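As a plain string of letters, each chain reads:
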Amino acid sequence: MKSFTCTPLQRNQRYEVTVPGSKSITNRALLLGALGSGKTVLKGVLFSDDSRVFMEALKEIGFFVDIQEEEKRVTIEGMGGRIPGDGAQERTVYVGSAGTAARFLTAMLALSGGRFLVESSEQMKARPMKPLLLALEELGTEFEYLEEPYAFPFRILGRRSQGDSAPSESSPRVDLNIDQSSQFLSALLLSGVMCGGGLTIHLTGTRSAKAYVNISMKMMAEFGCEVEQIEENTYLVRPGQQYQAREYQVEPDVSAACYFYAIAAVTESEVKVKHVHSTTTQGDIRFLKVLQQMGCRQREEEDGIVVAGGPLKGVHVDMGDFSDQTMTLAAIAPFADGDTVIDGVGHIRGQESDRIRGIVTELGRMGIQCEERQDGLTIHPGEVRPTVVKTYEDHRMAMSFAVTGCGAEGIVIDDPGCCRKTFENYFEVLTSLNITTNIKNDRNKLLVK
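A brief look at the structure comes next. (Residues numbered from 1 in each chain as written. Predicted model: local features only at pLDDT ≥ 70, side-chain atom pairs only at ≥ 80, totals over all residues. Heavy atoms only, no water.)

Let us look at the pattern of salt bridges. Scanning all chains against the criterion turns up 31 salt bridges. A salt bridge links E268 to R11; the shortest N-O distance between them is 3.0 Å. One end of the pair, E268, is in the loop between α8 (254–267) and β15 (270–274); the other, R11, is in the loop between β1 (3–5) and β2 (14–17), with 257 residues separating them in the sequence. Accessibility expressed as a relative area gives 42% for R11, which makes it partly exposed. For R355, the salt bridge is made with E352, and the minimal N-O distance between the two is 3.0 Å. No difference in accessibility class separates R355 from E352, as the two residues are buried. (Salt bridge = Lys/Arg side-chain N within 4 Å of Asp/Glu carboxyl O. Helix = DSSP H or I, 4+ residues; strand = E, 2+ residues; numbered from the N terminus. Buried < 20%, exposed > 50% of the residue type's maximum accessible area, 1.4 Å probe, protein only.)

The following block contains the structure:
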């Protein structure tokens, strides 16, 4: 499918939607299972381009991975924090376009002491890696950069002895800047158990957004390893810990759920996303509070959260800690009665696309006025005009602006297939909402007769 023509949804409807498992949790669980001791069974796994690349990479490294896609189940045989093989022979690992796979697997491979050729997509070559690679060099890993310095592709040539084969009183310490991505910190925390003497990480820079780091720390604890936050910007992975194999249920993806909650906002309808609850540690749940500030109502039922849309007000919000929803908010901002101001998201310029520039460009095609800043933007309300939305091979651009097309005529999404990265049947689910509306209307006509 080269393009998807959005169909505006009728207002004041009720929908129930099920979304796939969380990408963030799936890829963390895959890594923890690989580093665990014994057989880990993951349930509710997300199957998408990103997660499949992660699973295939684990196979390339040498792990036993049994995939049952229809059952959304994956079994991984871990080796207690070791990498299969003797490490002397170089193996090739492909990490695709997934930031989690690229950063988490790089840290694991670098700390293993083995030799690897690590390759990525062209898109991932342009995304930030340098702060993580500098920290790994500080921990003794030697790299050979094959194109640009501190970017894919590169060879991992092994790791100089750090005296960490046994626990010690003084753990290795590294400085790390996470201004461009908190995944750098998660990568070092998750694989820090491979440093037998523990690992101390001191954060530099200015970014304080750590919602995804909290997910990493919670999941590490669920697999049997603790992280101590010594100071506000200092973390300690204690020595002598090992992940334990277990069964693990992956939560629904709150990032994906937010698109449907946004549809409730622009159509003044009610949407329930099944099995999404306020107890989640996924940072994007904060988007629901933004919707409330804009005039939506929310209630939690036994089987999921319901959002009811209403007339929308403009908001001023710092989205630094749930920045994946920047595009979602931008997509509904034209329908508000005042300006929407978004701050704290400068780092999204270095993700799958320059997302700030992309938002401003595509809203401009719709006739919506915006002002762009280095770390955010202001969106003025206005009447959306028909256009073809370019997606820049960015799944979130495609999914977000399809929400605009649920509230306005004439929106066409170019290259909808880029959603395979995280939610491969997104447009099928979106289409089903319109089908549901038509079925309800047909039933009402029959009742009237």
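Burial of the side chains of strand β10 (residues 173–177) is restricted to one face: V174 and L176 are buried, whereas none of R173, D175 and N177 on the reverse face is. Where β10 meets strand β11 (residues 199–204), five bridges bridge the pair, whose relative direction is parallel. Paired with N177 across the two strands is T204, which belongs to β11. For the handedness criterion, the β-α-β arrangement of β10, helix α6 (residues 183–191) and β11 is classed as right-handed. (Pairing = 2+ DSSP bridges. Right-handed = clockwise from strand over helix to strand, strands pointing away.)

Formed by 75 residues in total, the largest nonpolar core has its most connected members in L58, L105, M108, L188 and L189. Considering every element that reaches this core, the biggest residue donor is helix α3 (residues 99–112), with nine residues. Those residues within four positions of L188 in sequence are excluded, and the remaining contacts are L132, A135, L136, L139, V174, L176, L199 and I201. In this structure, V266, I356, I368 and A398 belong to the second largest nonpolar core, which totals 74 residues. (Core = buried A, V, L, I, M, F, W, Y, C linked by side-chain atoms within 4.5 Å. Contact = heavy atoms within 4.5 Å.)

Further remarks concern helix α1 (residues 23–35). Taking 1.5 Å of rise per residue, 13 residues should cover 18 Å, and α1 covers 19 Å from first to last C-alpha, within 8% of that figure. The buried count for α1 comes to 13 of 13 residues, which makes it a mostly enclosed element. Of the residues flanking the start of α1, the one acting as N-cap is S22, its side-chain oxygen 3.3 Å from the backbone nitrogen of S24. (Expected span 1.5 Å × (residues − 1). Polar contact = N/O pair within 3.5 Å; in protein donor to acceptor, adjacent residues only side chain to side chain.)

A few words on the sheet that holds strand β23 (residues 411–414). With mixed pairing, the three strands of this open sheet are ordered in space as β1-β23-β22. Either end of the sheet is taken by a strand with one partner, and the two such strands are β1 and β22 (387–389). Averaged over all neighbouring strand pairs, the angle between strand axes comes to 25°, with direction disregarded. Summarising the sheet, β1 and β23 pair through three bridges and their orientation is antiparallel. Its bridge partner being in β23, S3 is matched across the sheet by D414. Each of β22 and β23 touches helix α12 (residues 395–407); the most contacted strand, β23, lies at about 165° to it. (Axes fitted to C-alpha atoms, helices over the stretch in contact; angles between N-to-C directions.)

Considering all chains together, one arrives at twelve aromatic pairs under this definition. Consider the rings of F4 and F427, whose centres lie 4.6 Å apart with planes at 45°: the pair is tilted. On the criterion of sequence distance, the pair formed by F4 in strand β1 and F427 in helix α13 (residues 426–448) is long-range, its members being 423 residues apart. According to the relative accessible area criterion, F4 is buried, its value standing at 13%. On the basis of an interplanar angle of 20° and a centroid distance of 4.8 Å, the ring pair of F152 and F154 is categorised as stacked. Given a relative accessible area of 0%, F154 falls into the buried group. In textbook terms, an aromatic cluster arises when at least three aromatic residues are bridged by ring pairs, as seen for F4, Y259, F260, F423, Y426 and F427. When the ring centre of F223 is taken as reference, the NZ or CZ atom of R246 above it lies at 5.8 Å. (Phe/Tyr/Trp six-rings, centres within 6.5 Å; stacked < 30°, edge-to-face > 60°. Lys NZ or Arg CZ within 6 Å of the ring centre and 35° of its normal.)

For S48, the location among the structural elements is in the loop between β3 (37–43) and α2 (49–61). Among the residues examined, S48 registers a relative accessible area of 0% and is labelled buried. A distance of 2.8 Å separates a polar atom in the side chain of S48 from the backbone oxygen of K421. For S48, the residues in contact, after removing those within four places along its chain, are R420, K421, T422, F423 and E424.

So, about the packing of α1 against helix α7 (residues 211–222). Contact geometry for α1 and α7: axes closest at 11 Å, N-to-C directions at 40°. One element, α1, and the other, α7, form an angle in the oblique class. Our pair here, α1 against α7, has a crossing hand that is right-handed. In this structure, α1 uses S24, I25, R28, A29 and L32 to contact α7, whose residues at the interface are Y212, I215, S216, M219 and M220. Residue composition of the contact of α1 with α7, by class: seven nonpolar, two polar and one charged. (Parallel < 35°, antiparallel > 145°, perpendicular 65-115°, else oblique. Left-handed = near helix turned anticlockwise from the far one by under 90°. Nonpolar A, V, L, I, M, F, W, Y, C, P; charged D, E, K, R; others polar.)

Moving on: the sheet that holds β11. One open sheet accounts for four strands, arranged β10-β11-β13-β12; its pairing is mixed. Edge strands, defined here as strands with exactly one partner in the open sheet, are β10 and β12 (227–231). Taken over all neighbouring pairs, the strand axes of this sheet differ in orientation by 25° on average, direction set aside.

To continue, consider the environment of K59. Mapped onto the secondary structure, K59 falls in helix α2. Ignoring anything within four residues of it in the chain, the contact list for K59 reads V65 and I67.

Next up on the list: unusual backbone geometry. In the segment running from F152 into P153, the intervening peptide bond is cis, with an omega of -5°. Within the element layout of this structure, P153 appears in the loop between β8 (141–145) and β9 (154–159). For H275, which is not glycine, the phi dihedral falls at a positive 70°. One non-glycine residue with positive phi stands out, namely Y392, at about 60°. By the secondary structure assignment, Y392 is in the loop between β22 and α12.

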